[in-house]
Amino acid sequence: MAEPSESTTGAATVHPAARAAGAPAGSGFWVVGAVLVLLMLSSSVPSALYVLYQQKWGLSSGTITVVFALYAVTVLAGLLLFGSLSDTLGRRPVLGAGLVLAIVSMALFAGAQGLGLLLAARAVQGLAVGLATGAMGAALLELGPAARPALGAQVNSAGPTVGIGLGGIGAGLLVQYAPAPTVLVYLLLIGAFTVALAGVVRMRESAPGAGGGLRVVPHRIHVPAGARGRFAVLALTIVAVWSVGGFYLSLGPHLALSLLRSTNYLVGGATVALLAGAATAAQLMLGRTGALRTAVLGLLGLITGLALVLLALGLGSAPVFLVATTVLGSGWGAAFLGAFRALSALADPARRGELTAAVYVFAYLAMSVPAVLAGMLTNVHGLHRTSVGFMAAVAAVCAVALLATLRLAARGRAGGSPA
C-alpha cells in the first residue's frame with residue numbers, strides 16, 4: 001500500500017466490449033498484476049534503505065521525509081494529470097511508458113552518490129507509479145476472468161500491500177547480507193521491470209477506446225454537493241490512515257532499529273513488511289464486510305495499535321512494538337478499504353473518477369505533509385519524543401473519525417441503507 005489505489009471503484013464501470021476485446025485472464029491479467037506488485041515493491045525499497053542513506057551521506061530525518069514526500073507528490077501529479085490517458089491511448093502503451101520510467105528511476109537510484117540523484121530518482125519513480133496506476137486499475141477489471149468477476153478488485157486491493165511487504169523484507173535482506181546494498185537491489189529491479197515490460201508488449205489491448213491518440217485530460221476534482229458531509233467524515237479516516245502510512249514508510253525503520261537496539265538493517269525492512277502484511281490480511285478477511293463497518297473496525301484497530309506503539313515507546317519494549325505494528329497494520333488496511341469503498345459509493349459511476357481524484361488529494365497530502373513535519377521535529381526534539389507526539393495526535397484524529405463514522409452508520413441504518 002505504498003499509495004492509495006483505484007481498487008474499489010467497482011467492476012460495474014467496465015465496458016462489456018473491453019472484456020471481450022482484452023486478453024484472456026491467464027496472460028494479460030497476471031502480467032498487469034505482476035506489474036502492480038513490482039511497482040509497489042520498488043516504491044517501498046527506499047524505505048528500508050533510508051537509514052543507510054542517512055549514515056552514508058549525513059542526511060537528517062527531515063531530509064529523509066522530504067525525499068519520501070517528493071515521491072507522494074509526484075505520484076499524485078501523475079495520477080491527476082495522466083490518470084485517464086490510457087482510456088484513449090490504450091492500457092499497453094501507458095503501462096509500457098510507466099515501466100520505462102520505473103527502469104530509469106531504478107538506474108538513478110543505483111547511481112546515486114548523494115541527495116540530488118536520490119531526489120531525482122524518487123520523483124521519476126513517483127511519476128512512473130502515478131502514470132501506471134490508472135491503467136493498471138482499469139486493465140485488472142477488464143481482463144479479470146468472467147467466472148471470478150471480483151478478482152480484479154481483489155488484486156487491485158491486495159497487490160499494493162503485498163508489494164510493499166515484499167519490498168521491505170527483500171530490501172532488508174539484501175542490504176544486510178548482500179554486497180553493494182544501495183546498488184544491487186536496484187539492478188535486480190531493473191531486470192524484473194525489463195521482463196515485465198516484455199510481458200506488457202505481448203499482452204493484448206483491453207481499453208474499448210484505445211487508439212484515440214495522445215490526449216491528456218487531467219482528472220477533474222469534484223465532490224457532489226449532497227455528499228460533502230459524508231465525504232468530510234470519511235476523509236478524516238483517509239487522513240489518519242495515510243498519516244500513519246507516511247510516518248512508517250519514512251521513519252518507521254529508523255524507529256524500529258532504535259527500539260530494538262539493533263544495527264541489523266533487516267529489522268527496518270521487516271517492520272515495513274509486518275505493517276503491510278497485516279494490512280493485506282485484514283483486507284482479505286474483511287472483503288465481504290460492509291464498507292462503514294470495515295472502516296469502524298479499522299479505526300478501532302488503528303487506535304489500539306497507536307496506543308500500543310505509545311506503550312512500546314514508553315517502556316522501550318521491542319516485543320510490544322512488534323505487536324503494536326501488527327495491530328496497527330491490520331487497522332491501517334481495514335480502515336482504508338472501508339473508507340475508500342464508502343467514498344466510492346457517494347457518486348454515480350459516471351462521476352466516480354472525479355470523487356476518487358478528491359480522495360487522492362487528501363490521501364497523498366496526508367501521506368506527505370505530516371511525515372515532513374515529523375521529520376523536521378525529529379531534528380529538534382529527537383525521534384522518540386516526536387514519535388510520541390505524532391502517534392498521540394493521529395490517535396486523536398482516529399477517535400474523532402470513529403465517532404463521526406459511527407454516527408454516519410447509525411443514520412444509514414435509520415434510513416434503511418446497509419452499513
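Before reading on, note that the structure itself is shown above.
Residues numbered from 1 in each chain as written. Predicted model: local features only at pLDDT ≥ 70, side-chain atom pairs only at ≥ 80, totals over all residues. Heavy atoms only, no water.

*Asks:* What am I meant to see in the overall build of the chain here?
*Replies:* Counting secondary structure elements, the chain contains 15 helices and 0 strands. Among the 419 residues that make up the chain, the fraction classed as buried is 57%. Within the chain, residue pairs in contact and separated by at least 24 positions form 87% of the contacts whose partners lie at least 6 positions apart. Carbon and sulfur atoms form 70% of the exposed surface of the chain, whose accessible area is close to 15200 Å². (Helix = DSSP H or I, 4+ residues; strand = E, 2+ residues; numbered from the N terminus. Buried < 20%, exposed > 50% of the residue type's maximum accessible area, 1.4 Å probe, protein only. Contact = heavy atoms within 4.5 Å. Areas by Shrake-Rupley, 256 points an atom, 1.4 Å probe, with all protein chains shown as cover.)

*Asks:* It is not clear to me how the packing of helix α11 (residues 266-285) against helix α13 (residues 318-344) should be interpreted in this structure. Could you clarify?
*Replies:* When two helices pack together, their arrangement is given by the angle between the helix axes and the distance between those axes. Two elements in contact, α11 and α13, have axes separated by 7 Å at closest approach and are oriented at 45 degrees. Accordingly, the angle class assigned to the pair α11 and α13 is oblique. Both α11 and α13 take part in a crossing whose hand is right-handed. Residues T271, L274, L275, A276, A278, A279, A282 and Q283 of α11 pack against F321, L322, T325, T326, L328, G329, S330, W332, G333, A334, F336 and L337 of α13. Per-class residue counts for the contact of α11 with α13 are 13 nonpolar, 7 polar and no charged. (Axes fitted to C-alpha atoms, helices over the stretch in contact; angles between N-to-C directions. Parallel < 35°, antiparallel > 145°, perpendicular 65-115°, else oblique. Left-handed = near helix turned anticlockwise from the far one by under 90°. Nonpolar A, V, L, I, M, F, W, Y, C, P; charged D, E, K, R; others polar.)

*Asks:* Mind showing me how you'd approach the environment of F336 here?
*Replies:* Checked against the element boundaries, F336 lands in helix α13. By relative accessible area, F336 is classed as buried at 4%. Separated by 45 residues in the primary sequence, F336 and A291 have C-alpha atoms spaced 9.8 Å apart.

*Asks:* Which parts of the structure should I look at to understand the packing of aromatic side chains?
*Replies:* The relation between two aromatic rings is expressed through the spacing of the ring centres and the mutual angle of the planes. Tallied over the full model, the rule gives 10 aromatic pairs. Between F109 and Y186, the aromatic rings sit 4.7 Å apart at their centres with planes inclined by 10 degrees, giving stacked as the arrangement. Of the two residues, F109 sits in helix α5 (residues 91-111) while Y186 sits in helix α8 (residues 181-202), which places them 77 residues apart along the sequence. Relative to F390, the ring of F247 lies with its centre 4.6 Å away and its plane at 20 degrees, an arrangement referred to as stacked. Here F247 is found in helix α9 (residues 228-250), whereas its partner F390 is found in helix α15 (residues 383-414), with 143 residues between them in sequence. By the burial criterion, F247 is buried, and F390 matches it. Linked through ring pairs, W242, W332, F336 and F340 together constitute an aromatic cluster. Between R122 and the ring centre of Y71, over which it is positioned, the NZ or CZ distance is 4.3 Å. (Phe/Tyr/Trp six-rings, centres within 6.5 Å; stacked < 30°, edge-to-face > 60°. Lys NZ or Arg CZ within 6 Å of the ring centre and 35° of its normal.)

*Asks:* Whenever I open this one, the packing of α9 against α13 confuses me. Can you help?
*Replies:* Contact geometry of α9 with α13 gives a least axis separation of 9 Å together with a crossing angle of 145 degrees. Like other packed secondary-structure pairs, α9 and α13 cross with a definite hand, here left-handed. Here α9 contributes F231, L234, T237, I238, V241, W242, V244, G245 and Y248 to the contact with α13, which in turn contributes F321, T325, L328, W332, A335, F336, A339, A342 and L343. The residue makeup of the contact of α9 with α13, split by class, is 15 nonpolar, 3 polar and no charged.

*Asks:* For this particular structure, what's the right way to read a nonpolar patch on the surface?
*Replies:* Judged by side-chain polarity, V162, L166, I169, L173 and Y177 come together as a nonpolar surface patch covering roughly 440 Å² of accessible area. As for its placement among the helices and strands, I169 is situated in helix α7 (residues 151-177). (Patch = residues over 30% accessible without salt bridge, like charges linked within 9 Å, V, L, I, M, F, W, Y side chains within 5 Å. Salt bridge = Lys/Arg side-chain N within 4 Å of Asp/Glu carboxyl O.)

*Asks:* How should α9 be read in this particular structure?
*Replies:* Side chains three or four residues apart in an α-helix point the same way, a direct result of the helix having 3.6 residues per turn. Here α9 contains 23 residues, and its C-alpha end-to-end distance of 31 Å stays within 8% of the 33 Å for a straight helix at 1.5 Å per residue. By the criterion of burial, α9 is predominantly enclosed, with 17 of the 23 residues buried. (Expected span 1.5 Å × (residues − 1).)

*Asks:* I keep staring at the environment of L302 and nothing clicks. Help me out?
*Replies:* Along the chain, the position of L302 falls in helix α12 (residues 291-315). Under the relative-accessibility criterion, L302 is labelled buried at 0%. Taking the C-alpha atoms as reference points, L302 and V241, 61 residues apart in sequence, are found 8.0 Å from one another. With residues up to four places along the chain from it excluded, the contact list for L302 reads V241, V244, L328, G331, W332, A335 and C398.

*Asks:* Looking at this structure, I do not really get the nonpolar core. What am I missing?
*Replies:* Side chains that are nonpolar tend, in soluble globular proteins, to be buried together. If you look at the biggest cluster of nonpolar residues, it comprises 124 residues, and the most contacted ones within it are L39, Y186, F193, F231, W242, Y248 and L302. The dominant element in this core, judged by the number of residues it contributes, is helix α2 (residues 25-57), at 15 residues. Non-local contacts of F231, meaning those with residues more than four positions away in its chain, are made with V223, L343, L346, L355, A358, V359 and F362. (Core = buried A, V, L, I, M, F, W, Y, C linked by side-chain atoms within 4.5 Å.)

*Asks:* Looking at this structure, how should I read unusual backbone geometry?
*Replies:* Generally, phi is negative for residues other than glycine and the peptide bonds are trans, each holding for most cases. The backbone phi angle of A180 is positive, close to 45 degrees, even though this residue is not glycine. The topology assignment puts A180 in the loop between α7 and α8. Overall, A180 belongs to the partly exposed group, its relative accessible area being 44%.

*Asks:* What am I meant to see in α13 here?
*Replies:* Taking 1.5 Å as the rise per residue, α13 with 27 residues should run 39 Å; its terminal C-alpha atoms sit 38 Å apart, in good agreement. The element α13 is extensively covered by neighbouring structure, given that 19 of its 27 residues are classed as buried. Regarding α13, its N-cap is S317, as a side-chain oxygen of that residue lies 3.3 Å from the backbone nitrogen of V320 further along. (Polar contact = N/O pair within 3.5 Å; in protein donor to acceptor, adjacent residues only side chain to side chain.)

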